[in-house]
Each structure stands twice: as structure tokens, then as C-alpha cells.
Amino acid sequence: MQRIAISTIRKMSSNTEPLNNFANFGKKIVCIGRNYAEHAAELGNKVPTKPMIFLKPTSAYLQEGQGNIKLPPNCTEIHHEVELGIVIGKSGSNILESSAMEHVGGYTLALDMTERKLQSDLKSKGHPWSLAKGFDTSCPVGGFLDASRIDNVDDVRLWLKVNGETKQDGNTKDMIFRVPTLLSFISQYMTLEVGDLVLTGTPSGVGPVRSKDVIVAGLNDDLLQIEFSVE
Ligand SMILES: CC(=O)CC(=O)C(=O)O
Ligand SMILES: [Mg+2]
């Protein structure tokens, strides 16, 4: 996936870029875990007191229309997790919460596909989740949504259907850590660069998908929609 140029993101931020036109964000993927209390509870996890961070490699990206979600080797249970993605438009480290929103270039909708069985095995051994969360195609993404298209990032509906049946229907108002807190926290440890994608965690309702399933997900009613099939 191509990296975004600053000039490109400025152009995209002009609000003239048509919706669902894939922008070349494609740098590191910083993910937040357990950012919704109901989701933490459904997997038997405690609500974190500080943001919980993990990474996916850039090879995890799957652009809509560029193929199907592939199952990792020996996969027994792969779960969908619908998440709001923040696309970084201005680099920064040690970002203050008060100026964090200036670093948001836009948004997208993403799936944090997770090999749940492998994740549980790794968790029980105290090992990192990288293989369970970072396999090829584990980060399907939709188009770039200019920052100006979301007035209030603390009130965005996130929903997901599998084969037409609603599985997840949450709202960013239930996030434990809000976007400015997340960007400030992450940037104390790693510089956020233009084109990085921050996945803000999933609401409750995660569950398994199988071969040939079709996943449709959206932001609000029709602000942004994505569709992916499982190979
Ligand atoms: C338990 C998880 O897989 C954490 C995660 O990715 C989330 O969105 O929460
Ligand atoms: Mg997730």
C-alpha cells in the first residue's frame, strides 16, 4: 500500500475528495484494545485503567475491492471487530490532549479481524498477540472520510452485519478513552506520523465469521459503508 504524501492529505482535507475514494493512508496501524466496557466484559476481560495498545503491520491492510479476508494458517475461530479508524494528518510526539484533534486528518471504518482461538492461547501463555491480530488481510479498511464530515467524534454509530444479520451496533460515546486521550497517550511512546491509522477499539457483539460470509459495516446510517467477503 502506498504511503500518503502531505500534499495529498491536504488535498483530501479540502472536502472536495469524493467519499469512498480510497486515500493512500497506509502507514503503521496502532490499535486500542478493550476501549468499550461491554466488549471487555463479553470476553471476560477487566476494563483497563490506561489505554491498551497493540500494533498491526502494514501488510495487514486490505483495501475494499482488492480481495477477500484470508484465514490465517490453522485458523479455528476468526472474529469480526468493527472499529472507527483515525487517519493522522499531522505528525506529532508528546501531543497534548488539548491540541490532539489538530492531528486528525480524517476517519475511516476498519475491521480488526482477530484469530480469537490463537489470541486466547497466546494470552494464556503471556505471549504477544501479533500473529492473532496481524496476519495478512487482518485490517480491511474503507474509504477516507474527511475530518470535517464528522462533527462530533464522540457520537458516531458503528454497526456490522454478517450475511445481513446485525451483530454489532455501538456508539463511540461509549468509548472509555476518547480520541484526544488516545492520541496523546500513544504519542508519548511512538511518534504519530502522517498516514498512520489508529483503530479505536470495538464495541460489543464480536463473533465468528466463516468462509463465504459477507460482512457489511457502517458509520452512522450511511456516512460510510464497507463490504468484505471471507475467502
Ligand atoms: C480483546 C481484543 O481483541 C481487544 C480489541 O482488539 C478491541 O477492539 O477491544
Ligand atoms: Mg479491536
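Once a new chain begins, its residue numbering starts again from 1 and follows that chain's sequence as written. As they are written, the chains are lettered A onward and the ligands numbered 1 onward, keeping that order. It should be noted that, the model being predicted, local features are given only for residues of pLDDT at least 70 and side-chain atom pairs only at 80 or more, the latter also being counted only at that level, while totals for whole chains, interfaces and linings use all residues. For the side-chain quantities, the full set of heavy atoms in the structure was used; hydrogens and water were omitted.

Moving on, we come to helix α3 (residues 116-125). The complete set of buried residues in α3 reads Arg 116, Gln 119 and Leu 122. The arc enclosing the buried residues of α3, seen along the axis, measures out at 125°, which places them on a common side. Facing away from the buried surface of α3 by more than 90 degrees, the exposed residues are Ser 124 and Lys 125. In the core, the buried residues of α3 are packed alongside α2 (37-42), β4 (78-80), β7 (114-115) and α4 (130-134). Within 3.5 Å is the distance limit for a polar contact, defined as a pair of N or O atoms, with the added protein rule that one can donate a hydrogen and the other accept it, and that residues adjacent in sequence qualify only through two side-chain atoms. The secondary structure listing takes helices from DSSP runs of H or I that are at least 4 residues long and strands from runs of E that are at least 2 residues long, numbered from the N terminus. Among the residues of α3, the N-terminal cap falls to Glu 115, whose side-chain oxygen and the backbone nitrogen of Lys 117 are separated by 3.1 Å. Once α3 ends, the next one or two residues include Gly 126, with phi positive near 75°. Only protein chains enter the accessibility calculation, which uses a 1.4 Å probe; a residue whose area is less than 20% of its type maximum is buried, one above 50% is exposed, and one in between is partly exposed. By construction, the arc corresponds to the directions joining the helix axis to the C-beta atoms. Working rule for contacts: check all heavy atoms of both residues, and any pair within 4.5 Å makes them a contact.

Here we come to the pattern of salt bridges. Close approach of charged atoms allows side chains of opposite charge to pair. For salt bridges, the criterion is a side-chain nitrogen of Lys or Arg within 4 Å of an Asp or Glu carboxyl oxygen. Taken as a whole, this structure holds 13 salt bridges when the rule is applied. Between Asp 196 and Lys 28 there is a salt bridge; the shortest N-O distance is 2.6 Å. Within this pair, whereas Asp 196 is found in the loop between α5 (179-189) and β12 (197-199), its partner Lys 28 is found in the loop between α1 (6-12) and β1 (29-33), the two being separated by 168 residues in sequence. With respect to class, Asp 196 is no different from Lys 28; both count as buried. Between Glu 165 and Lys 167 there is a salt bridge whose closest N-O contact spans 3.4 Å. The class for Glu 165 is partly exposed, based on a relative accessible area of 47%.

Now for the site of ligand 1. Consider each residue's heavy atoms; a residue with any of them within 4 Å of a molecule or strand counts as near. As a matter of local geometry, ligand 1 sits amid 14 residues, with Arg 34, Glu 81, Glu 83, Asp 112 and Lys 133 nearest to it. The side chain of Asp 112 places a nitrogen or oxygen atom 2.9 Å from an oxygen atom of ligand 1. Contact distances for ligand 1 include 3.1 Å between an oxygen atom and a side-chain N or O atom of Gln 119. Only the protein chains shown count as covering a residue, and every accessible area follows the Shrake-Rupley method with a 1.4 Å probe. In isolation ligand 1 exposes 280 Å². Once the protein is present, 100% of that is buried. Only protein atoms enter the 1 Å grid used here. Points where a 1.4 Å probe fits but cannot escape make up a cavity, open sets with protein on both sides within 12 Å along at least five of seven lines make up a pocket, and a residue lines them when an atom lies within 4 Å of a point. To qualify as sitting in a cavity or pocket, a molecule needs more than half of its atoms within 2 Å of the grid points. Here ligand 1 occupies the largest cavity. Here the nonpolar group is Ala, Val, Leu, Ile, Met, Phe, Trp, Tyr, Cys and Pro; Asp, Glu, Lys and Arg are the charged ones; every other residue, Gly included, is treated as polar. When grouped by side-chain class, the residues that make up the shell around ligand 1 number 3 nonpolar, 5 polar and 6 charged.

Let's shift gears to the packing of aromatic side chains. Working definition: rings of Phe, Tyr and Trp (its six-membered ring) pair if their centres are within 6.5 Å, and the pair is stacked with planes under 30 degrees apart, edge-to-face with planes over 60 apart, and tilted otherwise. For the coordinates displayed, the defined rule picks out 2 aromatic pairs. Ring plane angle 45° and centroid distance 5.4 Å describe the contact between Phe 185 and Tyr 189, whose orientation is recorded as tilted. With Phe 185 and Tyr 189 both in helix α5 and 4 residues apart, this pair spans about one turn of that helix. Among the residues examined, Phe 185 registers a relative accessible area of 16% and is labelled buried. The exposed category is assigned to Tyr 189, whose relative accessible area is 61%. Its guanidinium or amino end placed over the ring of Trp 159, Lys 161 lies 5.5 Å from that ring's centre, counting from NZ or CZ. In this scheme, the term charge over a ring applies when either NZ of a lysine or CZ of an arginine sits within 6 Å of the ring centre and within 35 degrees of the ring normal.

For Asn 74, which is not glycine, the phi torsion reads 55° and is therefore positive. When you line up the elements, Asn 74 lands in the loop between β3 (61-63) and β4. Residue Asn 163 is not a glycine yet carries a positive backbone phi of 50°. Here Asn 163 shows up in the loop between β10 (157-162) and β11 (165-171).

Moving on to the UniProt feature "domain: Fumarylacetoacetase-like C-terminal" (unreviewed entry) in the protein. UniProt positions are given in the numbering used here, feature names are shortened, and annotations may be inferred rather than shown by experiment. Following the UniProt record, the feature "domain: Fumarylacetoacetase-like C-terminal" (unreviewed entry) maps to residues 28-218 here. Within the segment residues 28-218, helix and strand shares are 17% and 32% respectively, and the terminal C-alpha atoms sit 23 Å apart.

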